[in-house]
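# A closer look at the structure
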Amino acid sequence: MHELHYTYGLIDEDSKREVRRALLKAVALPGHQVPFASRDLPIARGWGTGGLQITLALLAPEDILKVIDQGDDESVNAVNLRRLIAQTTGVALTAVTADATVIQTRHRIPEERLRADQILVLQVPMVDPLRWVEPNLERATVMHGEADYGRMWVYMYESVIRAGDLRIATQYPVIVADRYLMDTTPIPRWDVPKLHQADALFLFGAGREKRIYAVPPHTSVAPLEFEDVPFRVEYTPGQCCARCGCGDSFLTSHAVSGADGATRWVTTCSDTSFCAARQAVS
Amino acid sequence: MVPMSTPLETACRATFRTLLACFARPGTLGRLVAPPLAAPGPGWWTGIAFALLDQTQGVALAHAGRWRSADDPLVRWLTLRCHARHVSAPQAQLALLADPACAPLLDELPQGSLTYPEAGATAVVLVGTLACPAADATVWQLRGPGIAAHCDLALDAAAGAWLAPIQRSRAHYPRGIDVVLVDQDGRCAGLPRTTRITERGL
């Protein structure tokens, strides 16, 4: 008989316990980065190990899991993480956002509004928005402790002066619960408003940088902006999905080859399950 | 083939998920499960201890207005099985306070620092009844992250002794103590340090 050399959820109980303690403190301190040990896993750091450790510490056999990468259920990162989690926990899998109880995601928040019984786990590549203005971790930690975000505001101001706009495409900095400056991970600006006063719990895991942070439900999440230069999401009037026709979702462009051999750009929904559901009803 | 959790691991995971839900939504009641162990004291306490404690953690227990000593049978049982260290209150990461007489002891627990607020303790506070229907119940109105507008938490009258120490513990946010209220039936409610509490009559 084949002998298993790992426990339920792959990581050992001591490691899970440490992740769980960090998660409780992260929820109690919205937006604050809580350090954790970040164990080695059979995937490389930087490929979702922070989110994976949170998911493995969370999952119960009765959970239903969805894993997405850039909104896509079938991209390489999502498929491999899903396979690893399924083999080590046996949880049910789904691509339908509404069916999932736990959703692990890289760089997107699903288009459908998440419910109170759902938990979104985000993979975080770069944990601290202050790194743009203060690369020294110790000094940045003190700045967070003192809510000293003046240099960040100067960075935003200089961005407006140089580019005429808040020149930040992803990882848009936000203030959580009127206290902590937080990196939103490389989600597009389109997704940032979904964090504000949401019904669901958001958990963020940075495996390489060994930090966990969280945004509880019904919490204020305010993007940095100026009175005369407000925060704006990406939007191109008239552009819509080539598959489902949706003009109110985050769209991505990719090149396709036509029958004549010519290449052209097509715009489709980034959230593939959302797009598939719309196509099914239309 | 998928590995199975042991009954103790299953109880620890269920306890953690309950605590996570209660911290994410302060004032919402959860129900703790007791692990399959013959343990002194209420089973839910054993569940919290096994879910959160290990050799890296310091624990302190209080009863009848005093901290239990290292040779107390409950402390010995707990430290032996969870491998946690019995420490004095200012060093404790987790504390169990068993009755309203222990309320002033909350002031002795660590609140962390501005740079490392997560070093603030988690205090598990035993109260008589959560969701108390009695006419003389103490009603706390809660506001803050995790609560849509506000919500009410009705406790037995004796639990009112905890209000002032809990409010003091979060006067210097982000420093503070995170509190889990648990009643005799294993119902629990989370009061993370972000939750603002005011008392009102029914």
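Everything numeric in this text was worked out from a predicted model, so none of it was measured. (Residues numbered from 1 in each chain as written. Chains lettered and ligands numbered in written order. Predicted model: local features only at pLDDT ≥ 70, side-chain atom pairs only at ≥ 80, totals over all residues. Heavy atoms only, no water.)

### Focus on the interface of chain A and chain B
Quick reminder of the rule: Two residues form a contact once any of their heavy atoms are found within 4.5 Å. Each of two parts loses accessible area, computed with a 1.4 Å probe, when they are put together; buried area is these two losses added. Salt bridge, as applied in this entry: a Lys or Arg side-chain nitrogen positioned within 4 Å of an Asp or Glu carboxyl oxygen. Polar contact is the term for a pair of N or O atoms within 3.5 Å; when the atoms are in protein, one must be able to donate a hydrogen and the other to accept it, and sequence-neighboring residues count only if both atoms are side-chain atoms. Under the scheme used here, helices are H or I runs from DSSP no shorter than 4 residues and strands are E runs no shorter than 2 residues, and both carry numbers assigned from the N terminus.
Listed by partner, the interface residues are 48 residues for chain A and 42 residues for chain B. Counting the surface lost from both chain A and chain B, the interface buries some 3,600 Å², and carbon and sulfur atoms represent 63% of this. On the chain A side of the interface with chain B, the three residues burying the most area are A:Arg21, A:Leu24 and A:Lys25, jointly 18% of the side's total. Here chain A is connected to chain B by 3 salt bridges. Of the charged contacts, one joins B:Arg17 and A:Asp63 as a salt bridge, the two residues approaching to 2.8 Å between their closest N and O atoms. One can count 15 residue pairs in polar contact (both at pLDDT 80 or more) joining chain A with chain B. Going through the elements one at a time, helix 1 (13-28), strand 1 (34-35), helix 2 (49-58), helix 3 (76-89) and helix 4 (137-145) of chain A are the ones with two or more residues in the side of chain A that touches chain B.

### Observations regarding the nonpolar core
Worth spelling out the cut-off: Within this scheme, the nonpolar core is defined by two criteria: the residues are buried Ala, Val, Leu, Ile, Met, Phe, Trp, Tyr or Cys, and they are joined through side-chain atoms within 4.5 Å. Burial status follows relative accessibility: with a 1.4 Å probe on protein chains alone, a residue under 20% of its type maximum counts as buried, one over 50% as exposed, and anything between as partly exposed.
Grouped together as the largest cluster of nonpolar side chains are 63 residues, with contacts concentrated most on A:Leu58, A:Leu203, B:Leu20, B:Trp44, B:Trp45, B:Ile48 and B:Leu78. What A:Leu203 contacts, discounting residues up to four positions off in sequence, is A:Leu23, A:Val27, A:Ile54, A:Leu58, A:Ile119, A:Leu120, A:Val121, A:Leu122, A:Tyr213 and A:Ala214. A:Leu120, A:Leu181, A:Val221 and A:Phe231 belong to the second-largest nonpolar core, a separate cluster that totals 40 residues.

### Quick look at the sheet that holds strand 1 of chain A
All names here are of chain A. Quick note on the threshold: Two strands pair if DSSP finds at least two bridges between them. To obtain an axis, a line is fitted to C-alpha atoms, over the contacting stretch when the element is a helix, and the angle between two such axes runs from 0 to 180 degrees between their N-to-C directions.
Reading across from one edge, 1-9-8-5-4-2-3 is the order of the 7 strands in this open sheet, with mixed pairing throughout. Strands with a single pairing partner mark the edges of an open sheet, and in this sheet they are strand 1 and strand 3 (92-93). In the sheet, strand 1 pairs with strand 9 (residues 211-215) via 2 bridges, with the strands oriented antiparallel. Each residue of the ladder has a partner; that of proline 35, found in strand 9, is arginine 211. Contacting strand 2 (64-69), strand 3, strand 4 (102-106) and strand 5 (119-123), helix 3 runs over the sheet at an angle of about 155° to strand 2.

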